[in-house]
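# Coordinates in review
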Amino acid sequence: MLWKFSSCLHNPRLAKLLLHQCTVQTRQMAKVSVNGVGINYEQAGTGPHTVLCMPGALGSALTDFGPQLKSLAGAELTLVAWDPPGYGLSRPPDRSFGPLFFREDAEAAAGLMQALGYDKYSVMGWSDGGNSAVILAAMRPENVTKLVIWGANAYVTDKDSELYEAVRDIDKWSERMKAPMLELYGEGYFRSTWNAWVDGISALKNTELHMFPEGKHNLHMRFADEFNTLVTDFLMGR
């Protein structure tokens, strides 16, 4: 599917004044096989700097990066927004959430960019996509030039798990929030996969956050006794 959008005003009196501002942006949606999975992606823009866009939980190129595909992509940036395996139009397979699902998405994303012929690219990641983007950058430093992430998290606490559990029931979501997901997945797949995501992300907990109010860069030296006790208790499961 090939879409072309023009930002030019078709008015002869304004054409000359706006000629320098007029751009034609090409948007292309397609699928490519990555490790036997048909990965759906949308590409927009014609710029020399390529950016991979990684969506959040159950997200897709269109649901999570529509405004960027429309107006961020252009003469400077080429955006590649994808649907991770089991998300959006990258189905089958149905999605599962094992303990390594962030890494699995990072590996699949790297495979997508390789299949598309991109050797150097930046990555933008939102929410779960931000988590996988960090892993991707660490795995492929020779490929990832710059990283932009937001709404990501480095750990899952008990409080986080409580928040995830509070949004498990999609019947409690607002119509605005769940409408795009229902349209994309249908109620059955959305409900079951969202439940699986809550279970999967919650299984990553058992994280503890300890604050050293006066801690500096070398807190393991300045507060050695406290640090050593905390590490021992954590590693020994006490």
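Throughout this document, residue positions are counted from 1 along each chain, in the order its sequence is written. Totals for whole chains, interfaces and linings use every residue, but because this is a predicted model, local features are given only for residues with pLDDT of at least 70 and side-chain atom pairs only at 80 or more, for both listing and counting. Only hydrogens and water are set aside when side-chain values are computed; all heavy atoms of the structure are taken into account.

## Observations concerning the pattern of salt bridges
- The salt bridge criterion pairs a side-chain nitrogen of Lys or Arg with a carboxyl oxygen of Asp or Glu, the two atoms within 4 Å. All told, the structure shown has 10 salt bridges when counted by the stated rule.
- Of the charged contacts, one joins Arg27 and Glu42 as a salt bridge, the two residues approaching to 2.5 Å between their closest N and O atoms. Of this pair, Arg27 sits in strand β2 (residues 24-34) while Glu42 sits in strand β3 (residues 37-44), and the two are 15 residues apart along the sequence.
- Each of Asp169, Asp171, Glu187 and Arg191 takes part in one network of salt bridges that share partners. Segments assigned H or I by DSSP are reported as helices when at least four residues long, segments assigned E as strands when at least two residues long, and all are numbered from the N terminus.

## A closer look at the nonpolar core
- Leu52, Met54, Trp82, Leu112, Tyr121, Val123 and Leu136 are the most contacted members of the largest nonpolar core, which has 21 residues in total.
- Elements represented by at least two residues in this core include exactly β2, β3, β4 (49-54), β5 (77-82), α3 (101-115), β6 (121-126) and α4 (128-139).
- Residues are treated as being in contact if the distance between any of their heavy atoms lies within 4.5 Å. Once you skip the residues sitting within four places of it in the chain, Leu52 turns out to touch Val80, Trp82, Ala109, Leu112, Met113, Tyr121, Ser122, Val123, Met124 and Leu136.
- Counting residues in hydrophobic clusters, the runner-up holds 18 residues, among them Ala57, Trp173, Tyr185 and Phe190. We define a nonpolar core as any set of buried Ala, Val, Leu, Ile, Met, Phe, Trp, Tyr and Cys residues linked to one another through side-chain atoms lying within 4.5 Å. Note on exposure labels: buried denotes an accessible area under 20% of the residue type's maximum, exposed denotes more than 50%, and partly exposed covers the range between, all computed with a 1.4 Å probe on protein chains only.

## Some points on the packing of aromatic side chains
- What counts as a ring pair is set by centres within 6.5 Å for rings of Phe, Tyr and Trp (its six-membered ring), and what kind of pair is set by the plane angle: stacked under 30 degrees, edge-to-face over 60, tilted for all other angles. Here the structure, examined in full by the defined rule, presents 10 aromatic pairs.
- Taking the centre distance of 6.5 Å and the plane angle of 40 degrees together, the rings of Tyr87 and Phe97 count as tilted. On the criterion of sequence distance, the pair formed by Tyr87 in the loop between β5 and α3 and Phe97 in the loop between β5 and α3 is long-range, its members being 10 residues apart.
- On the accessibility criterion, Tyr87 (2% relative accessible area) is buried.
- Ring centres of Trp173 and Trp194 lie 5.0 Å apart, and the angle between their planes is 90 degrees; on these two criteria the pair is classed as edge-to-face.

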